[in-house]
Amino acid sequence: MPDFPAATPRARVRVPLRFHDGYGVDAELVTFHDLVDGREHLAIVLGDPAPGTAPLVRLHSECLTGDVFGSARCDCGPQLREAVERIADRGGVLLYLRQEGRGIGLYNKLDAYALQDQGLDTYEANAALGLPEDARDYTAAAQMLGALGIDELDLLSNNPDKAQQLRGLGVAVRDRVPTGVFTTAHNVRYLRAKVLQTQHTLPLHELTGATGLTGLSAG
């Protein structure tokens, strides 16, 4: 079994969440002691799973530009909004992880954007800056799940690496449930790169030049 210290809940607080489109739900926000990376990750507990069912869980990496400012260069904001509703309907947890820019940080992410404007894709831009394609480590996420008493789950994600890392950390990922597909004229190359470079489960044939936002629910 993986060898890392246990985390414990630090505080729990009820927060009513409200989104720009009018959707709202009450959530329990949980903070933690003893996370291995020392960051202020957050668990958002939503709904109640039916007896005998696994909770639906999403590991959502922080994206200031997408989550807060509605940037159309990625699909993070729409994925966050979708995940909250889907998890609330079924019961589960969204782990909001402070891993901006796939772990490289906000300033480096914006530097990578500038290189993407010169023709590089998102992974090539990271490499040109001397940074890893994806620097995220999910040990803290496994700690958080353990502190919440979750050892089996269905994972809401298009990213096979998240499921692989969680399984390697001792978490039983029963199923990987794809998110919707959220395309804009500004993020199609970004989404295609995720499919081609890191095998995200997105319909490649639909990522050829979308001009407006679509939410094509995939499961």
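Details of the structure are given in the entry above.
Cut-offs applied
Every chain begins its residue count from 1, and numbering advances along the sequence as written. Local features in a predicted model are, by the rule used here, given only for residues with pLDDT of at least 70; side-chain atom pairs are given and counted only at 80 or more, and totals for whole chains, interfaces and linings are based on all residues. Heavy atoms throughout the structure, all of them, feed into the side-chain values; hydrogens and water do not. Only runs of H or I of at least four residues qualify as helices and only runs of E of at least two qualify as strands under DSSP, and these elements are numbered from the N terminus. For every residue, the accessible area (1.4 Å probe, protein chains only) is compared with the maximum for its type, and the residue is labelled buried under 20%, exposed over 50%, or partly exposed between those bounds. Between two residues, a contact is recorded if the distance between any of their heavy atoms is within 4.5 Å. Polar contact criterion, stated in full: a pair of N or O atoms within 3.5 Å, where within protein one must be able to donate a hydrogen and the other to accept it, and residues adjacent in sequence count only if both atoms are side-chain atoms. Only strands joined by at least two bridges in the DSSP assignment are considered to pair. To get an axis, fit a line to the C-alpha atoms, keeping to the stretch in contact for a helix; angles then go from 0 to 180 degrees between the N-to-C directions. The arc refers to the directions leading from the helix axis to the C-beta atoms.

Here the focus is unusual backbone geometry. Located in the positive-phi region is aspartate 34, a residue other than glycine, with phi close to 70°. With respect to the secondary-structure elements, aspartate 34 resides in the loop between β2 (24–33) and β3 (42–46). Take aspartate 34: its relative accessible area is 52%, and that puts it in the exposed class.

To continue, consider the environment of valine 84. Residue placement: valine 84 occurs in helix α2 (residues 76–90). Measuring from C-alpha to C-alpha, the distance between valine 84 and leucine 17 comes to 9.3 Å, with 67 residues separating the pair along the chain. Non-local contacts of valine 84, meaning those with residues more than four positions away in its chain, are made with Leu17, Phe19, Tyr23, Val25, Leu46 and Leu94.

Moving on: the environment of glutamate 100. Mapped onto the elements, glutamate 100 comes out in the loop between β5 (92–97) and α3 (106–116). Residue glutamate 100 is classed as buried on the basis of its relative accessible area of 8%. Sequence separation between glutamate 100 and glutamate 62 is 38 residues, and the spatial gap between their C-alpha atoms is 5.0 Å. Excluding residues within four positions of it along the chain, glutamate 100 makes contact with Glu62, Cys63, Leu64, Thr65, Gly105, Leu106 and Lys109. A polar contact of 2.5 Å, which involves the side chain of glutamate 100, links it to the side chain of lysine 109.

Our focus in this paragraph is the sheet that holds strand β4 (residues 56–61). If you trace the 7 strands from one edge of the open sheet to the other, you get β1-β2-β3-β5-β4-β6-β7, paired in mixed fashion. The open sheet is flanked by β1 (8–18) and β7 (172–177), the only strands paired with a single partner. Each strand of the sheet is rotated relative to its neighbour by a mean of 30°, with strand direction disregarded. Bridge analysis of β4 against strand β6 (residues 152–156) gives 2 bridges, and the strand direction is parallel.

This part takes up helix α6 (residues 160–168). Regarding α6, the residues found buried are Lys162, Ala163, Gln165 and Leu166. Down the axis of α6, the sector holding all buried residues measures 165°, keeping them to one side. Facing away from the buried side of α6 by more than 90 degrees, the exposed set consists of Gln164 and Gly168. Two to three positions downstream of the cap, the backbone nitrogen of aspartate 161 sits 3.0 Å from a side-chain oxygen, assigning the N-cap of α6 to asparagine 159. Looking one or two places after α6, you find glycine 170, whose phi comes out positive at around 90°.

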